[in-house]
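Here are the chains, one letter per residue:
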Amino acid sequence: MRSAVLFVGFLAASGVIALGTTGDKAEASPQACLKFRDFGSLTKVDDRTYLASTKFGKGKYVVALRGPCRALEQPDNFYTVRLYGDRECFDRDDVLQFRFGQVCFVDSVTPAPAG
């Protein structure tokens, strides 16, 4: 009886460990999301679309904005990013808040197609 209880406990602990490592691997994927700590710069594609480069070449992401963001084109108009999510990803509903007053809302952030 005692060995059966120990065996069941071992199986349960193994399952918890396996589930925990699977979740970490999914989040560690470079394509899962644009982690804010990896965010480098934005390059204009059109009025509402920018290409985000990452530090250390970890990939590129397409950033779609809700509307035109003319403040990104003004020199010396630095911005800060307000993150609303509970994750550390730069994604939907985050805000670029500019030094001279404009704010731009992010609509989506998706991995850029390869090529």
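About the cut-offs
Residues numbered from 1 in each chain as written. Predicted model: local features only at pLDDT ≥ 70, side-chain atom pairs only at ≥ 80, totals over all residues. Heavy atoms only, no water. Pairing = 2+ DSSP bridges. Helix = DSSP H or I, 4+ residues; strand = E, 2+ residues; numbered from the N terminus. Axes fitted to C-alpha atoms, helices over the stretch in contact; angles between N-to-C directions. Buried < 20%, exposed > 50% of the residue type's maximum accessible area, 1.4 Å probe, protein only. Polar contact = N/O pair within 3.5 Å; in protein donor to acceptor, adjacent residues only side chain to side chain. Contact = heavy atoms within 4.5 Å. Disulfide = S-S within 2.5 Å.

*Asks:* Account for the sheet that holds strand E4 (residues 79-82), with residues named and values stated.
*Replies:* Here 6 strands make up an open sheet; going across it, the order is E1-E2-E3-E6-E5-E4 and the pairing antiparallel. Looking at which strands have only one partner, the edges of the open sheet turn out to be strand E1 (39-46) and E4. Adjacent strand axes in the sheet meet at a mean angle of 35°, parallel and antiparallel pairs treated alike. Pairing of strand E5 (residues 95-98) with strand E6 (residues 103-111) involves 3 bridges; the strand directions are antiparallel. Residue valine 95 lies in a different strand from E6, and its bridge partner there is phenylalanine 105.

*Asks:* So, the side chain of threonine 54: which residues are in play, and what are the values?
*Replies:* In this fold, threonine 54 is placed in strand E2 (residues 49-54). With relative accessibility at 13%, the residue threonine 54 sits in the buried group. Of the polar contacts made by the side chain of threonine 54, one reaches the backbone nitrogen of lysine 58; its length is 2.9 Å. A polar contact is formed between the side chain of threonine 54 and the backbone oxygen of glycine 59, at a distance of 2.7 Å. Excluding its chain neighbours within four sequence positions, the residues that come into contact with threonine 54 are Leu34, Asp38, Gly40, Gly59 and Tyr61.

*Asks:* So, the state of the cysteines: which residues are in play, and what are the values?
*Replies:* For the coordinates displayed, the defined rule picks out 2 disulfides. At a sulfur-sulfur separation of 2.0 Å, the disulfide partner of cysteine 33 is cysteine 89. Its S-S torsion of about -50° marks the bond between cysteine 33 and cysteine 89 as left-handed, since a negative value means left-handed. Of this pair, cysteine 33 sits in the loop between helix H1 (2-28) and E1 while cysteine 89 sits in the loop between E4 and E5, placing them 56 residues apart in sequence. Across the pair, exposure class does not vary: cysteine 33 and cysteine 89 are buried alike. A sulfur-sulfur distance of 1.9 Å marks the disulfide that ties cysteine 69 to cysteine 104. For the disulfide bridge between cysteine 69 and cysteine 104, the dihedral angle about the S-S bond is near 90°, and by the sign convention the bridge is right-handed. Placement of the pair is cysteine 69 in the loop between strand E3 (60-65) and E4 and cysteine 104 in strand E6, with a sequence separation of 35 residues.

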